[in-house]
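# Close look at the chain arrangement
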Amino acid sequence: EIEAKYAKKMQVLRDELDLRRKTEIHEVEERKNSQISELMRNHEKAFSDMKNYYNDITLKNLALISLLKDQMEEMKKRENHLEKEKADVLLQNKQLKEPLQQAQEQVAELQKKLAHYDKDKEALTNTKARLKVTQKELKDLQWEHEVLEQRFSKVQAERDELYQKFTKAINEVQQKTGFKNLLLERKLKGLLGILEKKEVELSEVFAAANLDPGALSLVSHKLEDVLRSKNTTIQDLQLQLARACKAHNDMLQTFEAKLTAFGIPLDNLGFTPLASAVPGQ
């Protein structure tokens, strides 16, 4: 009974599962058919759209090809026209080449002349500026020349005056110095002669008098004092003579320095100044 019972249940369960399987298969087939139909509709629509798209492209390409053919014909016409114009232009260029070359040569020549003109113009401007500066320098030099001439005339007058004064002073100093030297020499010779004479007379007096030694010593001391005084006088005279000679020589050196400062050669004096020899040197 249990086996029959469960066999019956299994049969019922098998029938239910079979029915469910069939139902599910039917539903799957319906969904599959629906999807196939949808895909076919989509494919047909896409194919139609693609066909329309490529038809439009084809029509557009045909129109474009037609337009390009028309444009190509137009461009060929224009090319032929441009070829003719090119030939005409080449002919005109050939005809104008020689005048153009001549014009270019003229332009180059004119440019050279213009460059030289600019250089000459600049040089003229510089020359004018230098001329103005030179004229101003010339006026300044002329003025300086006049001033220097006036100063030179004044210096010449001063030189002539100084030369006359110097010549006169030289002559006077030479005369005075020579005269004074002569007097001093004569005076010195006279004193020496008197001294010798006095010594001789004194010796004769001593020899004739036969004086005692004390008196002789006294007289000798007095005589030595007199001789010392005379020697002092002689030294003073010699010193005065040396001073006069030195002053004469210093004056000659000062005059030579003045002549050198004024640019006057010593040969222009006409004589050679005589330097006095300083006694004792």
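Our structure is the block above this text.
In this text, all values refer to a predicted model and were calculated from it rather than measured experimentally.

The next point concerns the overall build of the chain. In terms of helices and strands, the chain carries 2 helices and 0 strands. In the chain, buried positions account for 7% of the 281 residues. Once local pairs closer than 6 in sequence are excluded, the contacts in the chain between residues at least 24 apart make up 81%. Here the chain has roughly 24,500 Å² of accessible surface; of this, 58% comes from carbon and sulfur atoms.

What follows concerns the pattern of salt bridges. Evaluation of the coordinates by the stated rule reveals 6 salt bridges. Of the charged contacts in the structure, one is a salt bridge between Asp250 and Lys246, with a shortest N-O distance of 3.0 Å. With Asp250 and Lys246 both in helix H2 (residues 213–261) and 4 residues apart, the pair spans about one turn of that helix. What makes Asp250 partly exposed here is its relative accessible area of 32%.

Now for the packing of aromatic side chains. Throughout the structure, instances matching the rule amount to 1 aromatic pair. For the pair Tyr53 and Tyr54, a centre-to-centre distance of 5.3 Å together with 75° between the ring planes defines the contact as edge-to-face. In this structure, Lys9 is placed above the aromatic ring of Tyr6, and the distance from its NZ or CZ to the ring centre is 5.1 Å.

With that settled, the discussion passes to a nonpolar patch on the surface. Judged by side-chain polarity, Met50, Tyr53 and Tyr54 come together as a nonpolar surface patch covering roughly 370 Å² of accessible area. Relative to the elements of secondary structure, Tyr53 occurs in helix H1 (residues 2–209). For Tyr53, a relative accessible area of 51% gives the class exposed.

Bringing a negative patch on the surface into the picture now. Among the surface-exposed residues, Glu24, Glu27, Glu29 and Glu30 lie close enough to one another that they form a single negatively charged patch. Residue position: Glu27 is located in helix H1. For Glu27, a relative accessible area of 38% translates into the label partly exposed.

The rules behind each value
- Residues numbered from 1 in each chain as written.
- Predicted model: local features only at pLDDT ≥ 70, side-chain atom pairs only at ≥ 80, totals over all residues.
- Heavy atoms only, no water.
- Helix = DSSP H or I, 4+ residues; strand = E, 2+ residues; numbered from the N terminus.
- Buried < 20%, exposed > 50% of the residue type's maximum accessible area, 1.4 Å probe, protein only.
- Contact = heavy atoms within 4.5 Å.
- Areas by Shrake-Rupley, 256 points an atom, 1.4 Å probe, with all protein chains shown as cover.
- Salt bridge = Lys/Arg side-chain N within 4 Å of Asp/Glu carboxyl O.
- Phe/Tyr/Trp six-rings, centres within 6.5 Å; stacked < 30°, edge-to-face > 60°.
- Lys NZ or Arg CZ within 6 Å of the ring centre and 35° of its normal.
- Patch = residues over 30% accessible without salt bridge, like charges linked within 9 Å, V, L, I, M, F, W, Y side chains within 5 Å.
- Lys, Arg positive; Asp, Glu negative; His and termini not counted.
- Charge placed at Lys NZ, Arg CZ, Asp CG, Glu CD.

Any link to function would need more than the numbers given here.
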